[in-house]
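Fold and contact review
Residue-level listing of the chains:
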Amino acid sequence: MALSIKPLHPLFAAEVSGIDLKQPVDPATFREVIAAMDRYGVCVYRGQNLPDEPHIAFSRLFGTLELRPTVRKAAKHLRFNHPELFDAGNIDIDGNILPEDDLQRAYSRGNKLWHTDSSHRQTRAAYSLLNAHIVPPEGADTEFADMRVAYDRLPETMKARIDKLVCVHDVWYSRMLGGYPEPTAEERKVRPPCYHRLVQYHHGSGRKTLYLASHASHIQGMPVEEGRALLKQLIGMATPPEAIYRHKWQGGDLVVWDNTCTMHRATDFPDFTYKRDLRRTTVEEAPDAARLAIAS
Amino acid sequence: MLQPLVQPDQVYRRISVEPLTGAIGAAITGVDLSQPIDAEVKGEILRAFHENVVIYFPEQPALTPAQHLAAASIFGRFMRIPHLFGIEGYEDVQVIRREAAERDTAVVGGNWHTDSTFLDAPPSAVVLRGVHIPSVGGDTLFANQYLAYEALSPKMKEVLSGLKAVHSASWLLGKASKDRDKGYGDSIRKLDTAAADREVLHPVICTHHATARKFLFVNTVFTRRFEGMTPEESKPILDYLYAHCSRLDFGCRVRWRKNQVLVWDNLAAQHKAIGDYPGHERELQRVTIAGDRLH
């Protein structure tokens, strides 16, 4: 089956059509799915209306799925039976909008900062697949930027300056920026900081890319404030308005992005008025896994 | 000043990359394309591809069509060239073949060109495999169009950056092809003349989607004239650019071997087939990688 690919932005991001993700995807078609990911970084599948099971089944084709972390959450937040599903909504288990002082809200606020998923884990996330069950009638767009493009656009002096730098990523740093309370010793122990090169090769395209996120607390071997200032500057340089694809969600959308070459952030919506139910699966990066199976 | 293509700090961990010239082309060893390729090796192959524009894998087993397709998928999704024949059951694998008895027909691709620039979105790459190769002859020449752009004077770059060129398949397959001495025989499909005469526009100086580098994008086979200029006004400038873009110091010459796999970047490289093997059969099989509109 030949997929139809329509670019959504001059630099990256495409809409993929001609495929029903509720049906099994054959290896030749999946190669086209991967080729589109490698080229565009963000792929939008409109009108899929995927239940949880086919969402997870399609995600598994990309690799091993991350399991939801255990954080301070009341039972009312654990909406899903599947441990592979991350909650990117604003409702509780009974479908009620979460109150203002809910810890889940404080935890999610950090997602409005530019980031890439799971950079705070030493095993990076390769892909995220975000599935829209209920979308609010206005707002709540997701913004994306391509970090290969961002790298290409840096002045040569900046490329030389950052080439060998290592960032310290810490989930609690971005959570506290978003207003989450000081993590407990237990929380810090379960999810410790980790280390990633700032400039990396993107395996899917062979291009150099920035591996950047608001989870990046500071830069190794550099005074903390100096490193933070550099990271802030780089995030600014990587996300000028003309380099952003802003996804306006429709119910039934599945959006897949490559965390190793993009950043994204959530935007505001009247979130005490409207319900939003989005569910995410996250695929771990596995550099040694044979992802390109030979077709029989 | 020409920029060196390979940066000294870029070390390959999983494959060996040996440049063929100082301008374009590199041989890749240490990977078996009949086997599954992991993400890191894929990344290194693509890096070598972007840095060298043409790469070839001289030591490969005889890939089956399915393995050829799997290896080609490293470079993107497939498209089919309208005037080539596919092999049965694997229509994305298309055939470039010349019979031993074929003497009075033109060699397909015998002039400097990039493939299929008469399409709105020309192919971004071509992944070929040697099937029947004469013991000598039938090499392919390549020329690096990043270097062709970079070697132009600043003012010429400025002038060309403001221009678009009109491309069509008229000379190859349309009205203008009727006026040529030699046809192509039966190795390629006859295209509808109207489709072949359809004109499309591409910038003369394009930016590569994967390297962000600029390259020169006109070729003798498909470029007709500059947009907004007459053929007479365009011709002297195009003739200069055709001579310039195929300079030997931008190029390389690759010798074929049976089972060798070769990939050219169909945006940043031009190529030319050498027909010096009359009396011998030659067959390559190719998978074409789709591209986007050029900017």
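Residues numbered from 1 in each chain as written. Chains lettered and ligands numbered in written order. Predicted model: local features only at pLDDT ≥ 70, side-chain atom pairs only at ≥ 80, totals over all residues.

**Let's talk about the overall build of chain A**
Condition: Secondary structure elements follow DSSP: runs of H or I no shorter than four residues count as helices, runs of E no shorter than two count as strands, and numbering proceeds from the N terminus. We take the radius of gyration over the C-alpha atoms and set the globule estimate at 2.2 Å times the residue count to the 0.38 power. The contact criterion used here is simple: two residues whose C-beta atoms, placed from the backbone, lie within 7 Å are in contact.
Looking only at helices and strands, chain A features eight helices and 15 strands. Here the C-alpha radius of gyration of chain A, 19 Å, is about what a compact globule of 296 residues would show, namely 19 Å. For the C-alpha atoms alone, the extent of chain A along its principal axes is close to 50 × 45 × 35 Å. Within chain A, counting contacts between residues at least 6 apart in sequence, those at least 24 apart form 83% of the total.

**Section: the overall build of chain B**
To keep it simple, the criterion reads: Residues are called buried when their C-beta atom has 20 or more other C-beta atoms within 10 Å, exposed when it has 12 or fewer, and partly exposed otherwise; all C-beta atoms are positioned from the backbone.
What chain B contains, in helices and strands, is seven helices and 17 strands. For 295 residues, the compact-globule estimate of 2.2 N^0.38 gives 19 Å, and chain B sits close to it at 19 Å. Overall size of chain B, expressed as C-alpha extent along the three principal axes, is 50 × 50 × 30 Å. Sorting the 295 residues of chain B into buried and exposed places 45% on the buried side. The long-range share in chain B, meaning contacts at least 24 apart out of those at least 6 apart in sequence, stands at 82%.

**What to know about the confidence of the model for chain B**
To keep things clear, this is the line we draw: Note on scores: pLDDT gives the predictor's confidence for each residue, bounded by 0 and 100.
Averaged over every residue, the pLDDT of chain B is 91; the share at 70 or more is 91%. Reported confidences for the modelled complex are a pTM of 0.89 and an ipTM of 0.86.

**A closer look at the sheet that holds strand S12 (residues 244-247) of chain A**
Strand pairing within a sheet occurs via backbone hydrogen bonds; the two strands may be parallel or antiparallel. Residues and elements named next belong to chain A. Keep this limit in mind: A pair of strands counts as paired when DSSP detects no fewer than two bridges linking them. Axes, fitted as lines to C-alpha atoms, cover a helix only where it is in contact. Angles between the N-to-C directions of the axes lie from 0 to 180 degrees.
Within the open sheet, the three strands sit side by side as S12-S6-S14. Their pairing is antiparallel. Every other strand in the sheet has two partners, leaving S12 and strand S14 (262-266) as the edge strands with one partner each. Neighbour-to-neighbour, the strand axes of the sheet open up by a mean angle of 20°, direction not taken into account. Here strand S6 (residues 142-146) runs beside S14; their pairing, made up of five bridges, is antiparallel. Residue pairing across strands places Ala145 opposite Met263, the latter belonging to S14.

**Some points on the pairing of strand S7 (residues 125-132) of chain B**
Two faces make up the sheet, and in a regular strand the side chains alternate between them. All names here are of chain B. By the criterion of burial, S7 is predominantly enclosed, with six of the eight residues buried. Strand direction decides the pairing type here: S7 and strand S15 (residues 261-265), joined by five bridges, are antiparallel. Bridging across to S15, Ala125 finds its partner in Asp265. Pairing geometry for S7 and strand S17 (residues 282-289), over seven bridges, is antiparallel. The partner of His132 across the bridge, within S17, is Glu283.

**Considering the sheet that holds strand S16 (residues 269-273) of chain B**
All names here are of chain B. The strand order across the open sheet formed by three strands is S14-S8-S16, and the pairing between neighbours is antiparallel. Where the open sheet ends on each side, the last strands, each with one partner, are strand S14 (251-254) and S16. Between one strand and the next, the sheet's axes are offset by a mean angle of 20°, whatever the strand orientation. With five bridges connecting them, strand S8 (residues 140-144) and S16 associate as antiparallel partners.

**Some thoughts on the environment of Leu248(B)**
All names here are of chain B. Counting through the fold element by element, Leu248 comes out in the loop between helix H7 (231-245) and S14. Classification of Leu248 by C-beta neighbours within 10 Å gives exposed; the count is 11. Expressed as a C-alpha distance, the spacing of Leu248 and Phe85, which sit 163 residues apart in the sequence, is 32 Å.

**Some words on the nonpolar core**
Selection criterion: In plain words, the nonpolar core is the set of buried Ala, Val, Leu, Ile, Met, Phe, Trp, Tyr and Cys residues that C-beta atoms within 7 Å link up.
Grouped together as the largest cluster of nonpolar side chains are 64 residues, with contacts concentrated most on Ile24(B), Val54(B), Ala72(B), Val127(B) and Leu216(B). When residues of this core are assigned to their parent elements, the largest contribution, five residues, is made by helix H1 (residues 39-52) of chain B. Every residue in contact with Ala72(B), bar those within four places of it in the chain, is listed here: Phe78(B), Val127(B), Val287(B) and Ile289(B). One finds Ala36(A), Met37(A), Val42(A) and Trp249(A) within the second-largest nonpolar core, a separate group that totals 61 residues.

**Some points on unusual backbone geometry**
Glycine aside, negative phi is the norm for most residues, and most peptide bonds take the trans geometry. All names here are of chain B. Phi at Val53 is positive, roughly 70°, even though this residue is not glycine. Take Val53: it is sitting in the loop between H1 and strand S3 (54-57). The exposure class assigned to Val53 is buried, which follows from the 28 C-beta atoms found within 10 Å.

**Points about helix H1 (residues 27-40) of chain A**
Residue and element names in this part refer to chain A. Let me state the cut-off plainly: A helix is expected to span 1.5 Å for every residue after the first.
Here H1 contains 14 residues, and its C-alpha end-to-end distance of 20 Å stays within 8% of the 20 Å for a straight helix at 1.5 Å per residue. What H1 keeps buried is the set Phe30, Arg31, Glu32, Val33, Ile34, Ala35, Ala36, Met37, Asp38, Arg39 and Tyr40. Here the buried face of H1 lies against strand S1 (4-7), strand S2 (14-17), strand S3 (42-45) and strand S13 (254-258). Taken from the residues just after H1, Gly41 is the one with a positive phi, measuring 75°.

**Observations concerning the environment of Pro10(A)**
With respect to the helices and strands, Pro10(A) occurs in the loop between S1 and S2. Measuring from C-alpha to C-alpha, the distance between Pro10(A) and Tyr245(A) comes to 9.2 Å, with 235 residues separating the pair along the chain.

**Here's the deal with the environment of Glu84(A)**
All names here are of chain A. Assignment of secondary structure puts Glu84 in the loop between helix H2 (52-60) and strand S4 (86-87). By the C-beta count within 10 Å, which is 20 here, Glu84 ends up buried. Sequence spacing of Glu84 and Thr281 is 197 residues, and the spatial spacing of their C-alpha atoms is 5.9 Å. Look past the residues within four positions of Glu84 in its chain and what remains in contact with it is Ile56, Leu65, Leu67 and Thr281.

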